[in-house]
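# Residue-level structural notes
For reference, the chains in residue letters:
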Amino acid sequence: MSYVEMKDIYKVYPPDVVALRGVNLSLQRGEIHSIVGENGAGKSTLMKVLYGLVKPSRGRIVINGTEQYITSPSKAIDLGIGMVHQEFMLIPSFRVYENVMLGSEITRAGFINEERAKQEINRIIEKYGFKLDPEEVTSKLSVSAQQKIEIVKQLFRQVSVLILDEPTAVLTPQETKELFDEVRQLKVSGKTIVFISHKLDEVLEISDRITVMRKGQEVGTVNNKGITKKELAKMMVGRDVVFRLKKKSHPARNVIFQASDISVFSKKLQKHLLKSINMEVRSGEIVGIAGIEGNGQLELVRVITGFIKPSSGKILLESKDITDLSTRKRRYLMSYVPQDRKYVALALKASILENTVMTHHLGTDLFKGRIMNWRKANSFAKKLIEEFDILCRGVTEPPSALSGGNQQKVVVAREFSLNTNFIVLDQPTRGLDVGSTEYIRSLILKMRDMGKAVLLISADLDELMELSDRIYVIRNGEIVAEIDPTQTDKETIGRHMLGVHDT
Amino acid sequence: MKLLKRVTVSIAAITISFLIGFLFIKWQGNSPVQAFKALYSYGIGSWFSFASTLNAATPLILTGISAAIAFGSGVVNLGQHGQFLMGAIVAALLGAYLNLPGWLGITVIVLCGGIAGALWAGIAALLKKLYSMDEFISTLMLNFVSEYLTLYLATYPFLDPKAYVPATKVIQRSYFMHSFGMLNMSFLVAVVIAFLSYWFMRNLKIGYEFRMMGYNAVFAKTGGCAVEKNTHLVLLYTGFLSGLAGALLILGGTQHRFMKGIGANFGWDGVMLAIIADNGILETLFYAVFFGFLKTGGIGMEFETSVPSEFILVLQAVIVMIVVGSRSAIDYFGDRIRARFTVRKVVTD
């Protein structure tokens, strides 16, 4: 029998964000169990439910045969479940042992018994082979050592299930190896480790079993025997219904957007986030950017929209040098659908009317001089609602009351009705239902056929393959390949994205 | 829908706080009926008391909309108090030493008072521009500077030796603002400014940008609003409003001179009003008048019954908490109910 059973877990974040849709998960004693999935698949939410940080909307949790209601992290720790978050919760000025015992001090007659706590901590450090000095001051330690403190902290509380939320994201390869050795030690002594990650190599290296999640559901749990990275990736990305949109073929015309030799160097990280990017987008074509998330897409979009300045290189838009222009000045020339619908693309509490006016207010159509022509703006918003089939109760309703699909339609309607020749789309269909996705994709193609130059950044390979005329693959901030999607298959692009050139 | 919700919340909150006040007075062994009667008759019962209420509300209206416009544009100007004092001292000094014919003098002095407030807030804007210092802290700290700067000016260089407390000379008689019956003209000025501000936030291109920054600054910036420049302008404009409040108090109030403690709590009451009004300009106007009513009525209540006028502060605090609390409670529980429906829908899918 499994040690931990999560049965039919649902979670809706108020008001209506569905994070989990009936997930089942079972953890055995003494196994390393990985949970993989794309961003937003629900991995973290599921684990926060188990750790008592998030209250499930529905579902049951059975631990060691008894049903439990985990209402808080301290309840979870009482039940033997601990979690190490991506952000550490340590007091920098404390010594290691002080941080470890903080919150569960061993006391004698009301006084803290430091000696016994130290003994216990030393025992834990020795037993599992952590390289950690309990007397060291926390702020002097490296990130990986601080992570060890967090793990020791959980062991000090005698947890038997330890959840690690993307622990390797902050580690170097050597540190990762060290962590894995420690994790294996933990397993030997009978602890259950839950390892959340989207780095497939690591997952395959360390896990006994792997649960794949997609869009708030578990796709399946597999034993880590003979399964390949490719198969795993396929489960993660899924075989969505592939719509075949009809694409007219016409030759691309003059160059609208051109980036030459763009680099972004981060002083803080001491590395290039973007390295000599050269690309162009012509009128009447859709150019896709493929890549595993976090390989420079974010920085690319921010450089193009003017939120960060490149450390070198030049950006031309309609043969005008825009490298040093502010976002405001650039918006006269470009439409932009940001990735983050709720916090960047919309003002959720303002009205739909006010949301549709944004950026259009730079022009003169909706104004008499400097004075707003609300009547005209009103009919403009109404026209968009009708044209783009936005389901709402009227122009005064705030976007917060709309579904994700309709929110995105508001954004797309606003941006596509700007009279610009260049359109930047950052994950335009992420998290949308099938119907809205299809609709927005068909609009993107329409824009292309109208002769706009479209730059499409997407994590969805199917979407890229279906829409793009050309695809640039980005990895580690560099463009590593330029691909014609009609001549290449998904697997090849995937290999470029991962940087695996075997097979 | 939105309007209806706001009005309902306000009425309900005021009613509930009066009920709580009722119990409080009763609990202390006084007669609530008598106390509220006195509150009514001294606050609103006659033309005389109504005019006093409106006069008491005048500075609150302006400091209130100053805070409301700032917060509603995502700019945390907490310097109403300091900007108010700068406006007041400039008006008091010009009023005492400037020689101009009455009407022209009043106009010039009022504008200069506003400009003094704007420049004082402008220091925060400059610090933000040059050193990206958070206006939240700089405006707050400038309050202390202006508190003691103005006190110094009134105590040493411009002290009126005949006064009992540190104070400047009384301004020239021709600069006293006219009263219609009891109602001082400065109230009308404040109301006109409030409506103008309302109109300009609604209808000007820049007002639209201000409001969108208040909703979501990243959204505004992404959409092409000049967020940095606008932040400076908001600081200047809201500083102007607070300075105006100070100048109008000198010309249209009862003291007609700058004296120690003249700023009272106008600045912070303004911040409180903006919070209760959820940064709505017309709501701020309404609540300013309402608080003016409580202030004047409270004095009468103390006069007639043994309920101290400090009781009004309790009542104000209760109103603030209930209005703000019920507003977020409605959203919170509304979202929870919707989430429940969504779960049901997802499960049956």
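### Some remarks on the interface of chain A and chain B
- Across the contact, 30 residues belong to chain A and 23 residues belong to chain B.
- Considering each element in turn, the side of chain A that touches chain B owes the most residues, three residues, to helix H10 (residues 327-331) of chain A.
- Its residues placed into classes, the side of chain A that touches chain B shows 18 nonpolar, four polar and eight charged.

### Re the domain arrangement of chain A
- When its domains are assigned, chain A resolves into domain 1 (4-237), domain 2 (253-333 + 420-434 + 448-503) and domain 3 (334-419).
- On a C-alpha basis, the centroid separation for the pair domain 1 of chain A and domain 2 of chain A is 35 Å.

### Concerning the sheet that holds strand S5 (residues 66-68) of chain A
All names here are of chain A.
- In spatial order, the strands read S2-S1-S4-S5; together these four strands make up an open sheet with antiparallel pairing. The sheet is open, and its two borders are formed by strand S2 (17-27) and S5, each paired with just one other strand. Put simply, the sheet's adjacent strands are angled 25 degrees from each other on average, direction ignored.
- The pairing of strand S4 (residues 58-63) with S5 spans three bridges and is classified as antiparallel.

### Here we look at the sheet that holds strand S6 (residues 81-84) of chain A
Residues and elements named next belong to chain A.
- Here we have six strands laid out as an open sheet, ordered S6-S9-S10-S3-S11-S12, and mixed in their pairing. Each having just a single partner strand, S6 and strand S12 (217-223) make up the two edges of the open sheet. Averaged over all pairs of adjacent strands, the angle between strand axes in this sheet comes to 20 degrees, irrespective of strand direction.
- Running at roughly 170 degrees to S6, helix H5 (residues 143-156) makes contact with S6 and strand S9 (161-165) of the sheet.

### Some words on the packing of helix H11 (residues 266-276) of chain B against helix H12 (residues 281-304) of chain B
Residues and elements named next belong to chain B.
- The contact between H11 and H12 brings their axes to 9 Å, and the two run at 125 degrees. Comparing their axes, H12 and H11 come out oblique. With respect to the hand of their crossing, H11 and H12 are arranged in right-handed fashion. Two secondary-structure elements touch here, H11 through Asp269, Leu273, Ala274 and Ile276 and H12 through Thr284, Tyr287, Ala288 and Phe291.
- Residues of the contact of H11 with H12, tallied by class, amount to six nonpolar, one polar and one charged.

### A closer look at the nonpolar core
- Ranked by internal contacts, the top residues of the largest apolar core, which has 164 residues, are Leu456(A), Ala88(B), Met212(B) and Leu251(B).
- Looking at which element gives the most residues to this core, the answer is helix H10 (residues 227-252) of chain B, with 13 residues.
- For this core, the domains that each give at least three residues are domain 2 (253-333 + 420-434 + 448-503) and domain 3 (334-419) of chain A.
- Not counting the four nearest positions on each side in its chain, Ala88(B) is found in contact with Gly246(B), Ala247(B), Leu249(B), Ile250(B), Phe258(B), Ile262(B) and Gly263(B).
- Val18(A), Met83(A), Leu186(A) and Val203(A) belong to the second-largest nonpolar core, a separate cluster that totals 64 residues.

### Quick word on the environment of Gly223(B)
- Tracing the backbone shows Gly223(B) in the loop between helix H9 (217-222) and H10.
- Among the residues examined, Gly223(B) registers 29 C-beta atoms within 10 Å and is labelled buried.
- Considered as a pair, Gly223(B) and Met212(B) are eleven residues apart in the sequence and their alpha carbons are 9.7 Å apart.
- Here Gly223(B) is in contact with Arg331(A), Met358(A) and Thr359(A), once residues within four sequence places are set aside.

### Some points on helix H14 (residues 404-416) of chain A
- Between its terminal C-alpha atoms H14(A) stretches 18 Å, which fits the 18 Å expected from 13 residues at 1.5 Å a residue.
- With ten of 13 residues buried, H14(A) is to be regarded as a mostly interior element.

### Focus on the pairing of strand S15 (residues 286-290) of chain A
Residue and element names in this part refer to chain A.
- For S15, a buried count of five out of five residues is recorded, marking the element as mostly surrounded by other parts of the structure.
- Two strands pair when backbone bridges link them, and S15 and strand S22 (residues 453-457) are joined in this way by four bridges, in the parallel orientation. Considered in S22, the bridge of Ile286 is made with Val454.
- Judged from the four bridges that link them, S15 and strand S23 (residues 470-475) form a sheet pairing that is parallel. Its bridge partner being in S23, Ala290 is matched across the sheet by Val473.

### Brief notes about the environment of Val357(A)
- Structurally, the position occupied by Val357(A) is in helix H12 (residues 352-357).
- Residue classification places Val357(A) among the buried residues on the basis of 24 C-beta atoms within 10 Å.
- For the pair formed by Val357(A) and Arg470(A), sequence separation is 113 residues and the distance between their alpha carbons is 33 Å.
- The residues contacting Val357(A), other than those within four sequence positions of it, are Leu366(A), Ala377(A) and Tyr208(B).

Rules and cut-offs
Residues numbered from 1 in each chain as written. Chains lettered and ligands numbered in written order. Predicted model: local features only at pLDDT ≥ 70, side-chain atom pairs only at ≥ 80, totals over all residues. Contact = placed C-beta atoms within 7 Å. Helix = DSSP H or I, 4+ residues; strand = E, 2+ residues; numbered from the N terminus. Nonpolar A, V, L, I, M, F, W, Y, C, P; charged D, E, K, R; others polar. Domains from an automatic or database assignment. Pairing = 2+ DSSP bridges. Axes fitted to C-alpha atoms, helices over the stretch in contact; angles between N-to-C directions. Parallel < 35°, antiparallel > 145°, perpendicular 65-115°, else oblique. Left-handed = near helix turned anticlockwise from the far one by under 90°. Core = buried A, V, L, I, M, F, W, Y, C linked by C-beta atoms within 7 Å. Buried ≥ 20, exposed ≤ 12 C-beta atoms within 10 Å, placed from the backbone. Expected span 1.5 Å × (residues − 1).

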